Amino acid sequence: MKHLFLALLILALCLSFCLWSGSYIRRTVAEPLSTLRLARTHADGGDFDRAYDAVEKASQQWQRREAVYCVLMHHDETDGVTRDLAVLREQARRGEADDFADTCAQLITQLQHLRALQLPSAGNIF
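All of these numbers come straight from a predicted model, not from anything done at the bench. (Residues numbered from 1 in each chain as written. Predicted model: local features only at pLDDT ≥ 70, side-chain atom pairs only at ≥ 80, totals over all residues. Heavy atoms only, no water.)

**Quick look at the nonpolar core**
The condition that has to hold: Note on terminology: a nonpolar core comprises buried Ala, Val, Leu, Ile, Met, Phe, Trp, Tyr and Cys residues joined through side-chain atoms within 4.5 Å. Using a 1.4 Å probe on the protein chains alone, a residue whose accessible area is under 20% of its type maximum counts as buried, one over 50% counts as exposed, and one in between counts as partly exposed. Here a strand is any run of E in DSSP of at least two residues, a helix any run of H or I of at least four, and the numbering for each starts at the N terminus.
In terms of nonpolar packing, the biggest core is built from 26 residues, with Leu36, Trp62, Val81, Leu85, Leu88, Phe100 and Leu111 touching the most fellow members. At the level of elements, helix H1 (2–44), helix H2 (48–64), helix H3 (66–72), helix H4 (75–94) and helix H5 (97–116) are the ones that each hand at least two residues to this core. In terms of residue count, H1 provides more of this core than any other element does, 7 residues in total.

**Some words on the packing of aromatic side chains**
This is how the line gets drawn: Only Phe, Tyr and Trp rings are paired, with Trp represented by its six-membered ring, and only when their centres lie within 6.5 Å; those with planes under 30 degrees apart are stacked, over 60 edge-to-face, the remainder tilted.
A complete count under the given rule lists 4 aromatic pairs for this structure. Ring centres 5.2 Å apart and planes at 25 degrees place the aromatic pair Trp20 and Tyr24 in the stacked group. Taken together, the residues Trp20 and Tyr24, both in helix H1 and 4 residues apart, mark about one turn of the helix. Classification of Trp20 as partly exposed rests on a relative accessible area of 42%. Look at Tyr24 and you get buried, because its relative accessible area is 14%. Pairing Trp62 with Tyr69 gives two aromatic rings, centres 4.5 Å apart and planes at 40 degrees, and the pair type is tilted. Since its relative accessible area comes to 0%, Tyr69 is described here as buried. Grouped by ring-pair contacts, the aromatic residues Phe17, Trp20 and Tyr24 constitute a single cluster.

**Re H5**
Definition in use: Here the expected length of a helix is defined as 1.5 Å per residue gap, with one fewer gap than residues. The arc in question is the one spanned by the directions pointing from the helix axis to the C-beta atoms. Note on contacts: a residue pair is in contact if any heavy atoms of the two residues lie within 4.5 Å.
With 20 residues, H5 should cover 28 Å at 1.5 Å per step; its first-to-last C-alpha distance of 28 Å lies within 8% of that length. When H5 is considered as a whole, its buried residues turn out to be Phe100, Thr103, Cys104, Leu107, Ile108, Leu111 and Leu114. Angularly, the buried residues of H5 cover 140 degrees about the axis, an arc narrow enough to put them on a single face. H5 presents Asp98 and Asp102 as exposed residues on the side facing more than 90 degrees away from its buried surface. Looking at the buried positions of H5, the neighbouring elements they touch are H1, H2 and H4.

**A closer look at the packing of H1 against H2**
Quick note on the threshold: Only C-alpha atoms enter the line fits that serve as axes; for helices the fit covers just the stretch in contact. Angles between N-to-C directions range over 0 to 180 degrees. Oblique is the label for every angle not falling under 35 degrees (roughly parallel), over 145 degrees (roughly antiparallel), or within 65 to 115 degrees (roughly perpendicular).
Packing of H1 against H2 leaves a shortest axis separation of 8 Å and a crossing angle of 170 degrees. Between H1 and H2, the angle is such that the two are roughly antiparallel. Where H1 abuts H2, its residues Val29, Glu31, Pro32, Thr35, Leu36, Ala39, His42 and Ala43 lie against Phe48, Arg50, Ala51, Ala54, Val55, Lys57, Ala58, Gln61, Trp62 and Arg64.

**Topic: the environment of Ala43**
Mapping Ala43 onto the fold places it in helix H1. It is 7.8 Å that separates the C-alpha atoms of Ala43 and Phe100, two residues lying 57 residues apart in sequence. Excluding anything up to four places from it in sequence, Ala43 contacts Phe48, Ala51 and Phe100.

**Examining the pattern of salt bridges**
What counts, and what does not: Each salt bridge in this description consists of a side-chain nitrogen of Lys or Arg and a carboxyl oxygen of Asp or Glu lying within 4 Å of one another.
For the structure shown, the criterion picks out 8 salt bridges. The partner of Glu31 in a salt bridge is Arg65, and the shortest N-O contact between them spans 3.1 Å. Taken together, the positions of Glu31 in helix H1 and Arg65 in the loop between H2 and H3 put the pair 34 residues apart, joining distant regions of the chain. For the salt bridge of Asp47 with Arg50, the shortest nitrogen-to-oxygen distance reads 3.9 Å. By relative accessible area, which is 29% here, Asp47 ends up partly exposed. Overall, Arg50 belongs to the partly exposed group, its relative accessible area being 49%. One connected set of salt bridges, linked through shared partners, spans Glu90, Arg93, Arg94 and Glu96.

Right, dumping it as structure tokens:
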């Protein structure tokens, strides 16, 4: 009987960790996502100084939690976001409107996808 309770306890702990990690990623990825949307708005208005500042803030928000993200997500996903943030920062610094818009849209889509992967659904489980 003790073995059954121990197995149920381990199962409950694993399930709790999975639910917590999904919630954590969804909540924390929302910060750089909203900041990137703000950067896109500034860039659309031609204000690349403020767009650069917003991208820098989004990059700091991402890097502050990157160690946790690397534990909870695939490294290629986290590395892709880090790489695209660096590219986006450089495009904002140079004022490259078309490239900035494309990269920013791609990065926003990527972050939305990372958040969607954390939803408990049959497609994400099987």
